Amino acid sequence: MNSEASLPIAPAAPRARRSAQASVRWGARVVTVGGDAPVRVQSMTNTDTVDAIGTAIQVKELALAGSELVRITVNTPEAAQQVPYIREQLDRMGVDVPLIGDFHYNGHRLLTEFPDCAQALSKYRINPGNVGKGDKKDRQFAQMIEAALKWDKPVRIGVNWGSLDQELLAQLMDENARRAVPWEGRQVMYEALITSAIQSARLAEELGMRHEQVLLSCKVSGVQDLIAVYRELARRCDYPLHLGLTEAGMATKGTVASSVAMGILLQEGIGDTIRVSLTPQPGESRTQEVVIAAEILQALGLRSFVPSVTACPGCGRTTSTTFQELAKQIDDYLRAQMPVWRVKYPGVEKMKVAVMGCIVNGPGESKHADIGISLPGTGETPAAPVFIDGQKALTLRGDNIANEFHALVENYIEKRFGAMTNDAGLALHDE
Ligand code: SF4
């Protein structure tokens, strides 16, 4: 049968959106957001900020997991007092991740009355729905911007539909009521979210903020709502955009909803830094939100954080869980090593490992990986061919296949990504 193609099929790739570029700094560390910077991963602690040690430890965990910016809540004078100590603890531990202060209701007072806090933070999040009401609103917003100017910090105007500026919403609803054909309620809400963000950003600029040092977000908890709002927000401005689905939920639901919403927008070039707002399950590490954010970017081909492990789902051709266990073991091992390997083995994060369950797709998939193993399925000869750089390199047999493959992966990494890279290739081929 002849192919109907007259042109090659273009590979899919995320589009680029032009945006200004913000710089978030701490010491020598500069995290750029927007412009030509890679999409950044950020996260937020859930410790009580008053607990400086506990908060510093969690910030360190998040940073080691790959979070490039970490936000902490600054909700009381006691919390604001602890911020410089949190920063100091991190500096002592050699963790230079920039800290973002999350302010609501009293940010104007905290940033003014606790200058050490204002200085120790690298960026301020301002929620225009929570800066004050009536004539206090602009004054208190201006006080926060003054602090940002004084300490030379970027700000995020972070609008959230759960705390939307009620005065603005009421005004837009009045205007809507006068329309010949009124918009739907949710369309008025979209407009209010975007208007609140852009008006506040313009006001910040009128007060002296540099255009590129203002980031925006308009978070909602519905996937289709988020897509609608961010498409329009991206169309109306070039501020760097912080993207996230607010209150995404727990576990599978939160992960899937965040991935779907952000995946669609990131593919359209919308989003310069992302946060996955996952509710941790009891006992689950806070770092899970960083892992998922990184996986979203890696799945789209936007970034590489950890070597990827391709594993088949298994089916009736596999009656044991050997390949599932091996895939998990390898994946856990690669992730655990990354904080050290990032420095020791530059480029290792792009490596691909395959762990497959039987001969149907095992050899083919393994050949596409840098190193892959095709385990024997039910009824197959108990042998596991290993493929390295697309070539069958050796066959493992017996009860120790998992450990031997593990050693081969380590060996491959050392030889390919180690400082003394052996360009002559690997001496592992025995067949
Ligand atoms: S590779 Fe084999 S075991 Fe894995 S899903 Fe495919 S047919 Fe099933």
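The shown structure was predicted, so the numbers you read here are calculated from the model rather than taken from an experiment. (Residues numbered from 1 in each chain as written. Predicted model: local features only at pLDDT ≥ 70, side-chain atom pairs only at ≥ 80, totals over all residues. Heavy atoms only, no water.)

Enquirer: So what exactly am I meant to see when it comes to the sheet that holds strand S3 (residues 40-44) here?
Expert: The strand order across the open sheet built from eight strands is S8-S7-S6-S5-S4-S3-S11-S9, with neighbouring strands paired in parallel fashion. In this open sheet, the two edge strands, each paired with only one partner strand, are strand S8 (214-219) and strand S9 (242-243). Pairing of S3 with strand S11 (residues 273-274) involves two bridges; the strand directions are parallel. Of the residues in S11, the one forming a bridge with valine 41 is isoleucine 274. Of the strands in this sheet, strand S5 (99-103), strand S6 (123-126) and strand S7 (155-160) are in contact with helix H5 (residues 134-150), which crosses S6 at around 170°. (Pairing = 2+ DSSP bridges. Helix = DSSP H or I, 4+ residues; strand = E, 2+ residues; numbered from the N terminus. Contact = heavy atoms within 4.5 Å. Axes fitted to C-alpha atoms, helices over the stretch in contact; angles between N-to-C directions.)

Enquirer: What's the story with the pattern of salt bridges in this structure? I'm lost.
Expert: Opposite charge on two side chains lets them pair, provided their charged atoms get close. Scanning all chains against the criterion turns up 22 salt bridges. Between arginine 71 and aspartate 102 there is a salt bridge; the shortest N-O distance is 2.8 Å. Here aspartate 102 lies in strand S5 and arginine 71 lies in strand S4 (residues 69-73), a separation of 31 residues in the sequence. Residue arginine 71 is classed as buried on the basis of its relative accessible area of 3%. Owing to a relative accessible area of 5%, aspartate 102 belongs among the buried residues under this scheme. With its nearest N and O atoms 3.1 Å apart, the salt bridge here joins aspartate 102 to arginine 125. Linking aspartate 102 in strand S5 with arginine 125 in strand S6, this pair joins segments that are 23 residues apart in sequence. For arginine 125, a relative accessible area of 7% gives the class buried. (Salt bridge = Lys/Arg side-chain N within 4 Å of Asp/Glu carboxyl O. Buried < 20%, exposed > 50% of the residue type's maximum accessible area, 1.4 Å probe, protein only.)

Enquirer: Where do I start with the state of the cysteines in this structure?
Expert: Two cysteines joined by a covalent bond between their sulfur atoms form a disulfide. Enumeration over the complete set of coordinates arrives at zero disulfides. Cysteine 237 supplies the cysteine sulfur nearest to cysteine 218, a cysteine that is in no disulfide, at a spacing of 8.4 Å. Cysteine 218 gets classed as buried once you look at its relative accessible area, which sits at 0%. (Disulfide = S-S within 2.5 Å.)

Enquirer: What should I look at first to understand the packing of aromatic side chains in this one?
Expert: The geometry of an aromatic ring pair is captured by the separation of the ring centres together with the interplanar angle, meaning the angle of the planes. Evaluated as defined, the whole model comprises three aromatic pairs. Arranged with centres 5.6 Å apart and planes meeting at 80°, the rings of tyrosine 333 and tryptophan 341 form a pair that is edge-to-face. Given a relative accessible area of 17%, tyrosine 333 falls into the buried group. Centroid distance tryptophan 341 to tyrosine 345: 5.8 Å. Interplanar angle 65°. Geometry classified as edge-to-face. You'll find tryptophan 341 and tyrosine 345 in the same group, each marked buried. Over the aromatic face of tryptophan 183 sits the side chain of arginine 179, whose NZ or CZ is 3.6 Å from the ring centroid. (Phe/Tyr/Trp six-rings, centres within 6.5 Å; stacked < 30°, edge-to-face > 60°. Lys NZ or Arg CZ within 6 Å of the ring centre and 35° of its normal.)

Enquirer: Would you mind going over unusual backbone geometry with me for this structure?
Expert: Glycine aside, a negative phi is what most residues show, and trans is what most peptide bonds show. Even without being glycine, tyrosine 105 reaches a positive phi, approximately 70°. Along the chain, tyrosine 105 turns up in the loop between S5 and helix H3 (107-113). At alanine 251, a position not held by glycine, the phi torsion is positive, near 35°. In this fold, alanine 251 is placed in helix H9 (residues 251-267).

Enquirer: Sorry, what's going on with a nonpolar patch on the surface here?
Expert: A contiguous nonpolar surface patch, about 210 Å² in accessible area, is contributed by Val256, Val260 and Ile264. Inspection of the secondary structure puts valine 256 in helix H9. (Patch = residues over 30% accessible without salt bridge, like charges linked within 9 Å, V, L, I, M, F, W, Y side chains within 5 Å. Areas by Shrake-Rupley, 256 points an atom, 1.4 Å probe, with all protein chains shown as cover.)

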